[in-house]
Structure formats: C-alpha cells, structure tokens
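Below, each chain spelled out in residue letters.
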Amino acid sequence: MEVREKIQTELTHELMLEMYWIMLLSRRIDERAWLLHRQGKFPFHISGIGHEAAQVGAAFALKRGKDWLVPYYRDLAMVLAFGLTPAEFALGLMGKKGEPSSGARQMPSHWGLRRANIISTSSPVGTQTPHAAGIGFAIKYRGDDAIVLTSIGEGSTSQGEWYEGVNWAAIHQLPVIFLVENNEYAISVPRSKQMAVSNVAEKANGLGLPGITVNGLDVIEVYDAVKSAADRARAGGGPTLIEATVLRMTPHSSDDDDRMYRSREEIEEMKQKDPVNAFRDYLIQQNIITEAAQEKFQSRAKEEVNAAIKFAEDTPYPDVEDASYPVYAEDIRHG
Amino acid sequence: MAEVTLIEGIRQAMDEELARDERVFIVGEDVGPRGGVFRATEGLYEKYGGSRVVDSPLAELSIVGMGIGAALYGLRPICEIQFADFIHPAFNQIVNEAAKMCYRSNGAWTVPMVIRAPYGGGIGGGLYHSQSVEAFFTHVPGLKVVVPSNPRDAKGLLKSAVRDPNPVIYFEPKKGYRLIKGELPEEDDLLVPIGQASISRQGKDLSVFAYGMMHYYTLQAAEIVAEEGIDVEVVDLRTLLPIDEQTILKSVEKTGKALIVYEGNLTGGYGAEISAILAEKAFVSLDAPIRRLAGPDVPAAPFSHPLQDWFMLDVSKIAAGIRSMAEY
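*Asks:* Teacher, can you tell me more about the overall build of chain A here?
*Replies:* Of the regular secondary structure elements, chain A holds 11 helices and seven strands. Relative to the globule expectation of 20 Å for 335 residues, the C-alpha radius of gyration of chain A, 19 Å, shows essentially globular dimensions. Seen along its three principal axes, the alpha-carbon backbone of chain A occupies a region of about 55 × 50 × 40 Å. Split into buried and exposed, the 335 residues of chain A put 51% on the buried side.

See below:
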C-alpha cells in the first residue's frame with residue numbers, strides 16, 4: 001500500500017484501526033465458515049475473502065446510521081462495518097432462530113438489516129441496482145441529507161437491471177454510489193467474456209456519470225474515492241460509478257470448484273496481495289499499530305468468532321410455523 | 001351523483017391520493033405532460049409537478065425496480081406500465097423482489113406500491129397491445145391482484161390499493177376505459193376494500209364469475225338470457241388475489257352451476273383456480289360440470305378484425321355459454 005499525505009487529516013489512526021478490526025473480523029469469521037461448512041455443519045457459504053478492503057473502505061466513507069446500503073452477497077465485511085454482528089451472521093449460516101435479515105428464511109449472506117438501513121437482498125443478480133436508484137430518488141424527493149451505496153460484482157453489470165438502475169440515477173442526478181467489486185470472475189466466466197470494455201468504469205461513459213477505477217486491495221484508496229463521491233452526491237452532484245479491483249481468493253461459493261477453471265498458481269499469487277495482510281503491514285510500518293497490539297487484535301478476533309459460532313450453535317432452529325408467514329404486511333408479527 | 005367513465009374514476013383516484021398524501025407519486029412512460037397514452041394521468045402533471053408525476057425512461061423493469069426502492073424508503077409509488085403486454089421485463093422485479101420482500105425479510109421491509117397496467121383485447125391492438133396477463137401474477141403469494149369493472153370500483157379499489165401496505169397489481173380493462181360508464185357517488189373518500197368480490201346481479205339458475213371487461217359483457221348477456229327465462233347470478237370477482245372464496249362458494253351453493261368467464265388463454269388461466277376451488281369445496285352443491293369460457297389457446301389476440309373477433313369473447317358468445325349451461 002502506498003503512503004499518502006492527504007488521508008492523514010481525514011482518517012485518524014483510531015478510525016484506521018477500526019477499519020482494520022472489521023477487515024480482520026470479517027476474514028476470520030469467513031474462514032471459520034468455510035471450515036464449518038466442510039465439516040458439514042451447514043449447507044452453504046459464499047465468501048468475501050479478498051474483497052474486505054474494498055468493502056470496509058466504502059462503508060467507512062459513508063455516514064453509518066444515516067446513509068443507506070443496498071449490498072450484494074459477497075459484502076460480509078461491508079455489513080459488519082454497518083452494524084451486523086458476527087453472532088447474527090453465524091445465525092444466518094446455520095439458519096437459526098432470530099436471524100435478523102430474514103428470520104432464517106433466506107440462504108446465508110442475503111443481507112438486510114432494518115436498524116442499519118441495509119435493504120433486504122435476494123439471489124438473482126442485478127435486481128438491487130434499480131432499488132438503489134429508487135432509494136436515491138426518494139432521498140432527493142424528501143430532501144433528506146442521506147446517500148445510498150449499492151454494490152455488485154463485475155459479472156452482474158451485464159444485467160439489464162444494472163444498466164436501467166444506473167441510467168435512472170444519472171438522468172435524475174440521484175445521490176447514489178454504484179460500487180462494482182471486480183474480482184475478474186463470475187463463478188467461472190472471466191471478465192473478458194462479460195464485457196468488451198477493458199474495465200467496468202468505462203461503462204459509465206455510455207450512461208453519463210463519472211466512472212473511476214480504484215485499487216480495491218487498498219482500503220485507504222477506496223475510502224478516499226467513496227468519500228469524495230459521497231461528498232459530491234450529498235451536495236447534489238449526482239451519482240458515481242466506482243470500480244474496485246479485488247481478488248476472489250476462494251471458489252465462488254461452497255458449491256463451486258475453481259480448479260476447473262483457474263490455476264493454483266493464480267491463487268498462490270493472490271495470497272501475496274492479500275488486502276488484510278497488506279493493511280496490517282501498512283499500519284505496522286506507519287507505527288499506527290505495534291506488533292504486540294496487532295497480536296491482540298488477532299486473539300480478540302478469534303475469541304469473537306468462537307463466541308459467535310457458539311451462540312449460533314446454542315440457538316434453536318426457528319419454529320416450523322414461521323415458514324407460513326409473513327406473506328403480506330398484515331401477517332407481520334412483531335417481537 | 002355524476003355519470004363518469006371508468007378511466008375518469010381511475011384519474012380521480014390518483015388525483016385524490018396525490019392530494020391526500022405527499023408520499024404518493026406517479027411514475028411511468030408518458031405520464032407527465034402527455035397525461036398517459038390513455039390519458040389516465042391527464043392534468044396531474046400540471047397540478048402536482050414533475051417531481052410527483054414522473055416521466056420514466058422507456059424501460060419497464062426499472063419503473064417497477066425504482067418504485068420498489070422508493071417504497072422501501074417510505075414513499076408510495078404508483079407505477080404505470082403502459083400496456084400489460086409490456087410488464088414482462090419487470091417480471092423479475094415484481095415476482096422475485098416486490099412480492100417476496102415482506103416474507104424474505106420477516107416483515108422488516110415491505111413494498112407498499114401500486115402497479116397499474118391496462119390489459120385486454122378488442123381494441124385492434126394485435127398480439128402485443130391486447131394481452132390478459134393476470135394469471136402470471138395470481139400464482140404469486142405476496143402480491144394482490146385487482147381488476148375493476150366499473151367506475152366506482154375503479155376509483156375505490158385504486159384508492160385502497162394506494163393505501164395498501166403490499167404490492168398491488170391493478171389491471172385496467174382498457175377497452176372499457178370510455179365504454180364503461182357509471183354513477184360515481186360524491187363521497188369525500190370512496191374506498192372499496194381489496195379482497196371482496198361482489199354479487200352484481202342476483203339470480204338463482206346459475207352463477208357466472210367474471211371480472212373486468214368480461215364482467216361488463218356478462219351483465220349484458222345476463223339481461224338477454226333473462227328474457228328467455230334464465231335467471232343468472234353474476235359475481236364480479238374484483239380482487240383476484242387474495243381470493244374471496246366465501247362469496248364464490250356461497251353463490252354456487254345457491255345456484256348449483258358455475259360458469260367462469262375470462263378473456264386470457266384458457267389453459268392455466270385464472271378460471272382454472274376458481275374451478276378448482278369449486279370442485280374441492282362445493283362439489284356437493286354442483287348440478288352440472290363447472291365450465292370455463294375463455295380466450296382460445298393461441299398466443300394472443302391477432303390484429304385483423306375478423307381474426308380478433310374470433311379470439312375475443314363478446315356478449316353473444318357469453319350468452320350462448322350461459323344457455324348451454326342452463327340446459328344441462
């Protein structure tokens with residue numbers, strides 16, 4: 001990671017440590033999820049390993065508690081930064097009672113958290129983009145001082161829904177940030193078979209909004225880009241498309257086998273660029289964290305993950321009757 | 001009491017709801033200065049401005065998709081799809097997103113939204129300006145599906161739909177926009193509840209279930225056969241989802257015969273569901289096989305006049321269906 005002068009004023013050491021903590025926590029619980037899945041504890045996991053810097057940089061550049069998030073399934077670190085707890089994530093993995101996104105009706109990592117302004121999300125890709133445009137429209141309609149960020153993978157920018165959503169925001173100059181986490185793969189299909197342009201940011205040219213590409217392995221670079229887009233959106237300057245180049249260091253999901261379509265050398269090379277390690281090294285190098293303090297972060301993360309998993313394991317499954325409601329708003333049961 | 005057209009009932013409903021609630025806005029193609037291609041939003045742009053009567057890009061899925069986002073934030077969108085035939089690009093947004101939002105979030109998020117769409121044939125619209133697509137949506141839990149057949153219901157149901165906390169698809173019989181006229185009571189706030197069918201004609205010999213344009217024709221057919229001594233009960237279904245089973249069953253328990261009239265394709269159409277409900281729950285009351293009178297199983301109504309006439313049900317075809325049923 002490069003050393004930048006500019007960020008030192010905006011990003012306090014305290015905030016950078018908080019960012020590192022979320023990245024580390026996300027990585028550790030994600031790794032544990034793979035392990036538990038392989039042990040047969042639950043049927044599915046979809047991973048954000050390699051995306052943490054992009055997600056945390058973006059989330060911290062927003063006003064958490066005030067701004068809105070329309071994420072996609074790989075955004076574990078992003079939603080942790082917005083307030084989902086590791087225990088709540090673990091409830092989702094195991095489909096346990098009280099899981100806050102869906103009451104364990106949806107598969108894991110289908111985010112949604114009312115208290116944190118995180119919209120409920122589904123599985124068909126690209127559907128969330130017009131929702132973000134609509135939220136942006138509503139923010140402007142009401143004259144509220146909020147913005148909305150929606151994220152997506154580069155493969156899903158092939159969807160018409162993505163184009164239509166971005167188009168709306170560009171026409172009406174809505175306060176929306178479109179973050180594309182480009183990890184070069186849509187399950188097995190490489191970027192070159194998704195688009196003829198060489199990067200996703202170029203797509204902004206055809207839609208009439210600014211488009212930039214940032215190094216999504218550099219949490220500070222992402223923070224800076226999203227912060228400036230957020231400031232502009234808040235001031236009425238309209239939407240921005242931000243492509244963050246990231247690494248998908250795992251198979252697409254627990255049901256995928258990426259040995260079918262990419263080499264082990266490629267995976268080994270990724271490990272040299274690991275964004276969580278890169279930020280750790282940067283913080284040590286800049287004397288923002290000591291080796292000893294870093295070790296404490298590691299052990300604290302382990303404890304939190306252990307506690308989250310234990311909590312979820314000790315929580316019962318939902319009552320079977322939960323499956324029958326709420327189909328309509330009239331059926332909602334509170335409490 | 002003033003006599004107005006069905007589309008005037010729709011326009012008044014939107015006007016009143018826009019005036020009542022600042023969260024309500026209209027979005028769709030040509031809804032602004034043009035006032036809609038059928039003029040359903042006539043005068044509303046001038047009255048409420050371009051921020052509340054919003055001309056959308058020519059792209060149906062994002063009319064619905066942005067409406068969902070706006071509804072999640074707390075607004076009350078009325079999305080207009082110019083023709084029901086063009087609703088299909090928005091199918092994913094309606095079925096996978098709007099309809100499932102409440103269930104999939106355990107009630108944390110809901111989508112209070114109306115999707116208006118003119119449907120139905122008989123206007124020389126050919127395959128793509130004539131479709132009746134309601135059966136695609138009545139298969140989807142989480143949606144409400146409404147079809148008015150007269151100005152009073154058109155107004156009262158639309159006002160209820162705007163206030164409903166769920167996504168409501170509101171299909172408008174476009175052939176009847178100006179053909180169907182009726183008295184509109186000068187109530188301050190005319191609301192017709194969603195989820196209730198109505199008995200629009202009392203009778204004892206057989207029950208005919210219909211909605212929208214086919215209900216209008218059925219009432220006329222019922223008058224014709226009445227002169228021949230056949231006493232028809234007509235049930236205007238009005239809300240297709242959720243289904244008002246009680247009214248449907250009660251009518252057949254009284255008459256013993258059921259004819260279901262709908263203009264969409266026969267197979268897998270809405271009438272199949274009514275038929276199944278009657279077969280399961282009113283079998284002992286039935287004196288004759290349940291019959292469906294519906295559009296033929298060709299893709300949609302063809303353009304050329306005689307071909308369209310072949311496709312479309314009309315008063316005389318419905319009257320013939322009633323006679324044959326009465327004879328059984």
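Anyway, onward from the coordinates.
*Asks:* Sorry, what's going on with the overall build of chain B here?
*Replies:* Scanning chain B from N- to C-terminus turns up 12 helices and 14 strands. Taken over the C-alpha atoms alone, chain B extends approximately 60 × 45 × 40 Å along its principal axes. Across chain B, every contact between residues at least 6 apart in sequence was considered, and the portion connecting residues at least 24 apart equals 81%.

*Asks:* What's the story with the packing of helix α3 (residues 60-73) of chain B against helix α4 (residues 91-98) of chain B in this structure? I'm lost.
*Replies:* When two helices pack together, you describe them by how their axes are tilted relative to each other and by the distance separating the axes. Residue and element names in this part refer to chain B. Between α3 and α4, the least distance of the axes is 8 Å, while the angle of their chain directions is 25 degrees. If you check the angle between α3 and α4, you find them roughly parallel. Of α4, the residues touching α3 (which contributes Leu61, Val64, Gly65 and Ile68) are Asn92, Gln93, Ile94, Glu97 and Ala98.

*Asks:* I would appreciate a short explanation of the interface of chain A and chain B in the present structure.
*Replies:* One widely used convention gives an interface's size as the accessible area the parts lose upon coming together. Taken residue by residue, the interface counts 34 residues in chain A and 35 residues in chain B. Of all elements in the fold, only α6 (128-142) and α7 (160-171) of chain A reach the threshold of two or more residues within the side of chain A that touches chain B.

*Asks:* I would appreciate a short explanation of helix α7 (residues 151-163) of chain B in the present structure.
*Replies:* Turn by turn, an α-helix covers 3.6 residues, leaving residues three or four places apart pointing in a common direction. Residues and elements named next belong to chain B. If you check α7, its first and last C-alpha atoms are 19 Å apart, about what 13 residues at 1.5 Å a residue would give, namely 18 Å. Along α7, 11 of the 13 residues are buried, which leaves the element largely enclosed by surrounding structure. Those residues of α7 lying buried are Pro151, Asp153, Ala154, Lys155, Gly156, Leu157, Leu158, Lys159, Ser160, Ala161 and Val162.

*Asks:* What exactly am I supposed to notice about the environment of A:Asn182 here?
*Replies:* Residues and elements named next belong to chain A. By secondary structure assignment, the location of asparagine 182 is in strand β3 (residues 176-182). Its 24 C-beta neighbours within 10 Å are what place asparagine 182 among the buried residues. When the C-alpha atoms of asparagine 182 and glycine 153 are compared, they prove to be 5.7 Å apart, with 29 residues separating the residues in sequence.

*Asks:* Would you mind showing me how to read the nonpolar core here?
*Replies:* The tendency in soluble globular proteins is for nonpolar side chains to be buried side by side. Judged by nonpolar contacts, the single largest core of 206 residues is most densely connected at A:Met23, A:Ile177, B:Val208, B:Val261 and B:Ile322. Sequence-distant contacts of A:Met23, defined by excluding residues within four places in its chain, comprise A:Glu52, A:Ala53, A:Val56, A:Ala77, A:Val219, A:Val276 and A:Phe279.

*Asks:* What am I meant to see in the sheet that holds strand β7 (residues 167-173) of chain B here?
*Replies:* Residues and elements named next belong to chain B. Pairing in this open sheet of seven strands is mixed, and the strands run β3-β2-β4-β5-β7-β6-β12 from one edge to the other. Taken across any chain shown, the strands that pair with only one partner, and hence form the sheet edges, are β3 (53-55) and β12 (239-241). Across the sheet, the axes of successive neighbouring strands diverge by a mean angle of 20 degrees, strand direction being ignored. Where strand β6 (residues 144-146) lies against β7, three bridges are found, and the strand directions are parallel. Opposite valine 146, over in β7, you have tyrosine 170 as the bridge partner. α7 rests against β2 (24-28), β4 (76-80), β5 (113-119), β6 and β7 of the sheet, and its axis sits at about 160 degrees to β7.

*Asks:* Please explain unusual backbone geometry as it appears in this structure.
*Replies:* Glycine aside, negative phi is the norm for most residues, and most peptide bonds take the trans geometry. Residue A:Pro326 follows A:Tyr325 across a cis peptide bond; omega there is -5 degrees. Assignment of secondary structure puts A:Pro326 in the segment after α11 (291-314). Along the chain, B:Leu241 connects to B:Pro242 via a cis peptide bond; the corresponding omega equals -5 degrees. Along the chain, B:Pro242 turns up in the loop between β12 and α9 (245-255). Backbone geometry at A:Ile187 places phi at a positive 50 degrees, although glycine is not the residue there.

*Asks:* Any chance you could explain the domain arrangement of chain B here in plain terms?
*Replies:* Residues and elements named next belong to chain B. Splitting chain B by domain gives domain 1 (2-184) and domain 2 (198-327). With centres defined by C-alpha atoms, the gap from domain 1 to domain 2 works out at 26 Å. Residue assignment for the side of domain 1 that touches domain 2 shows that the elements contributing at least two residues are α6 (134-138), β6, α7 and β7. For the side of domain 1 that touches domain 2, a count of residues per class yields 11 nonpolar, 11 polar and four charged.

*Asks:* Would you take a moment to explain the pairing of strand β6 (residues 211-215) of chain A for this structure?
*Replies:* Strand residues, when the strand is regular, have side chains that alternate between the two faces of the sheet. All names here are of chain A. In terms of strand pairing, β6 meets strand β7 (residues 240-245) through five bridges, oriented parallel. Across the sheet, residue threonine 213 finds its bridge partner in β7, namely glutamate 243. Taken together, β6, helix α8 (residues 219-234) and β7 constitute a β-α-β crossover, and its handedness is right-handed.

*Asks:* Help me understand the confidence of the model for chain B, please; the structure alone is not making it clear to me.
*Replies:* The predicted coordinates ought not to be read in detail in places where the model reports low pLDDT. Here chain B averages 97 in pLDDT, while 100% of its residues score no lower than 70. Overall fold confidence for the complex sits at a pTM of 0.97, while the interface term, ipTM, reaches 0.97.

*Asks:* What am I meant to see in the sheet that holds strand β11 (residues 232-236) of chain B here?
*Replies:* Paired through their backbone hydrogen bonds, the strands of a sheet run either parallel or antiparallel. Residue and element names in this part refer to chain B. Read from one edge of the open sheet, five strands run β9-β11-β10-β13-β14, paired in mixed fashion. Every interior strand has two partners, whereas the edge strands, β9 (198-201) and β14 (291-295), have only one. Each strand of the sheet is rotated relative to its neighbour by a mean of 25 degrees, with strand direction disregarded. By the bridge criterion, five bridges tie strand β10 (residues 206-210) to β11 in an arrangement that is parallel. Each residue of the ladder has a partner; that of leucine 206, found in β11, is valine 232. In this fold helix α8 (residues 212-226) packs onto β9, β10, β11 and β13 (258-265), with an angle of close to 170 degrees to the strand it touches most, β11.

*Asks:* Would you explain the packing of helix α5 (residues 86-94) of chain A against α11(A) in this entry?
*Replies:* Residue and element names in this part refer to chain A. Interhelical geometry of α5 versus α11 gives an angle of 45 degrees and a closest axis separation of 8 Å. Considering their axes alone, α5 and α11 lie oblique with respect to each other. For the crossing formed where α5 meets α11, the hand is right-handed. Here α5 contributes Pro86, Ala87, Phe89, Ala90, Leu91, Leu93 and Met94 to the contact with α11, which in turn contributes Glu304, Val305, Ala308, Ile309, Phe311 and Ala312. Grouping the constituent residues of the contact of α5 with α11 by class yields 12 nonpolar, no polar and one charged.

*Asks:* When you look at the environment of B:Gly50 in this model, what are you seeing that I'm missing?
*Replies:* Residue and element names in this part refer to chain B. For glycine 50, the position within the fold is in the loop between α2 (44-48) and β3. The class for glycine 50 is exposed, based on 11 C-beta atoms found within 10 Å. C-alpha separation for the pair glycine 50 and phenylalanine 171, spaced 121 residues apart in sequence, amounts to 25 Å.

*Asks:* Any chance you could explain the environment of B:Pro167 here in plain terms?
*Replies:* Residues and elements named next belong to chain B. Counting through the fold element by element, proline 167 comes out in strand β7. Its 34 C-beta neighbours within 10 Å are what place proline 167 among the buried residues. The spacing of proline 167 and aspartate 21 is 146 residues in sequence and 17 Å in space, taken between C-alpha atoms. If we ignore the near neighbours within four places in the chain, the residues touching proline 167 are Ala98, Ala99, Val111, Met113, Ile115 and Leu143.

*Asks:* Sorry, what's going on with α11(A) here?
*Replies:* All names here are of chain A. A rise of 1.5 Å per residue sets the reference length of α11, with its 24 residues, at 34 Å; its end C-alpha atoms lie 35 Å apart and thus fit the reference within 8%. Within the span of α11, buried status applies to Val305, Ala308, Ile309 and Ala312. Buried positions along α11 lie against α2 (13-38) and α5.

Thresholds applied
- Residues numbered from 1 in each chain as written.
- Chains lettered and ligands numbered in written order.
- Predicted model: local features only at pLDDT ≥ 70, side-chain atom pairs only at ≥ 80, totals over all residues.
- Helix = DSSP H or I, 4+ residues; strand = E, 2+ residues; numbered from the N terminus.
- Rg over C-alpha atoms; globule rule 2.2 N^0.38 Å.
- Buried ≥ 20, exposed ≤ 12 C-beta atoms within 10 Å, placed from the backbone.
- Contact = placed C-beta atoms within 7 Å.
- Axes fitted to C-alpha atoms, helices over the stretch in contact; angles between N-to-C directions.
- Parallel < 35°, antiparallel > 145°, perpendicular 65-115°, else oblique.
- Expected span 1.5 Å × (residues − 1).
- Core = buried A, V, L, I, M, F, W, Y, C linked by C-beta atoms within 7 Å.
- Pairing = 2+ DSSP bridges.
- Domains from an automatic or database assignment.
- Nonpolar A, V, L, I, M, F, W, Y, C, P; charged D, E, K, R; others polar.
- Right-handed = clockwise from strand over helix to strand, strands pointing away.
- pLDDT = per-residue confidence, 0-100.
- Left-handed = near helix turned anticlockwise from the far one by under 90°.

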